[in-house]
Amino acid sequence: MSTAGQQAERCAECGGQSLTRLRMTLGDGLPVVFVSCHTCEGKAWFRAEGDGSALTREDVIARSGRRDRKA
Ligand SMILES: [Zn+2]
C-alpha cells in the first residue's frame, strides 16, 4: 500500500505534467525525491520512503545544512 515514488503527478504550482524527478539524499541522510517543473520552475521535495509526504523548503534547507559537518 506504499505510495512512495508516485508523488507529484502534477506540479503543485501550475498543474503542469512536465516534471523532472530526481532521487537524492539530503545532508542528514533522508532519501527524497526532488521534483522540478519545466513550466514554472516550481520545486518540491517528497520523502522517497515511508509515507511519501512532502517536505517544506525550510525543512530541506535545514536538513541539507548538516552537510557542512562532513569532513
Ligand atoms: Zn509548475
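My aim in this report is to walk through the structure given alongside it, one point at a time. (Residues numbered from 1 in each chain as written. Predicted model: local features only at pLDDT ≥ 70, side-chain atom pairs only at ≥ 80, totals over all residues. Heavy atoms only, no water.)

Looking at the coordination of the zinc ion
Thinking step 1. Taken together, the protein ligands of the zinc ion are C11 (SG), C14 (SG), C37 (SG) and C40 (SG), with distances of 2.3 Å.
Thinking step 2. Geometry at the zinc ion is tetrahedral, judged from the four donor atoms that bind it and their angles of 105 to 115° at the metal.
Thinking step 3. Taken in chain order, the donor set of the zinc ion reads C-x2-C-x22-C-x2-C. Pair noted here: C11 is in the segment before β1 (19–25) and C37 is in strand β2 (residues 31–37), with a separation of 26 residues, a long-range link.
Thinking step 4. Residue classification places C11 among the buried positions, given a relative accessible area of 10%.
Thinking step 5. Exposure remark for C37: the relative accessible area of 3% places this residue in the buried category. (Donors = N, O, S within 2.8 Å, 3.2 Å for Na, K, Ca; no water. Tetrahedral: all angles 85-135°; square planar, octahedral: opposite > 155°, others 65-115°. Helix = DSSP H or I, 4+ residues; strand = E, 2+ residues; numbered from the N terminus. Buried < 20%, exposed > 50% of the residue type's maximum accessible area, 1.4 Å probe, protein only.)

Observations concerning the sheet that holds β2
Thinking step 1. Reading across the sheet, the four strands line up as β1-β2-β3-β4 and stay open at both edges, with antiparallel pairing between neighbours. Pairing within the sheet leaves two strands with one partner each, and these edge strands are β1 and β4 (54–55).
Thinking step 2. Of the pairings in the sheet, the one linking β1 to β2 comprises seven bridges and is antiparallel in character. When the bridges of β2 are listed, T20 appears paired with S36. (Pairing = 2+ DSSP bridges.)

Remarks on unusual backbone geometry
Thinking step 1. Its identity is not glycine, yet E41 carries a phi of approximately 65°, on the positive side.
Thinking step 2. For E41, the position within the fold is in the loop between β2 and β3 (43–47).
Thinking step 3. Overall, E41 belongs to the exposed group, its relative accessible area being 58%.

Quick word on the pattern of salt bridges
Where side chains of opposite charge bring their charged atoms close, a pairing between them can arise.
Thinking step 1. All chains considered together, the criterion is met by three salt bridges.
Thinking step 2. For the salt bridge of R23 with E49, the shortest nitrogen-to-oxygen distance reads 3.9 Å. Of this pair, R23 sits in strand β1 while E49 is found in the loop between β3 and β4, placing the two residues 26 residues apart along the sequence.
Thinking step 3. The partner of R63 in a salt bridge is D59, and the shortest N-O contact between them spans 3.1 Å. A residue pair is termed a helical-turn pair when its members lie 3 or 4 positions apart in one helix, as R63 and D59 do in helix α1 (residues 57–64) at four residues.
Thinking step 4. Among the residues examined, D59 registers a relative accessible area of 25% and is labelled partly exposed. (Salt bridge = Lys/Arg side-chain N within 4 Å of Asp/Glu carboxyl O.)

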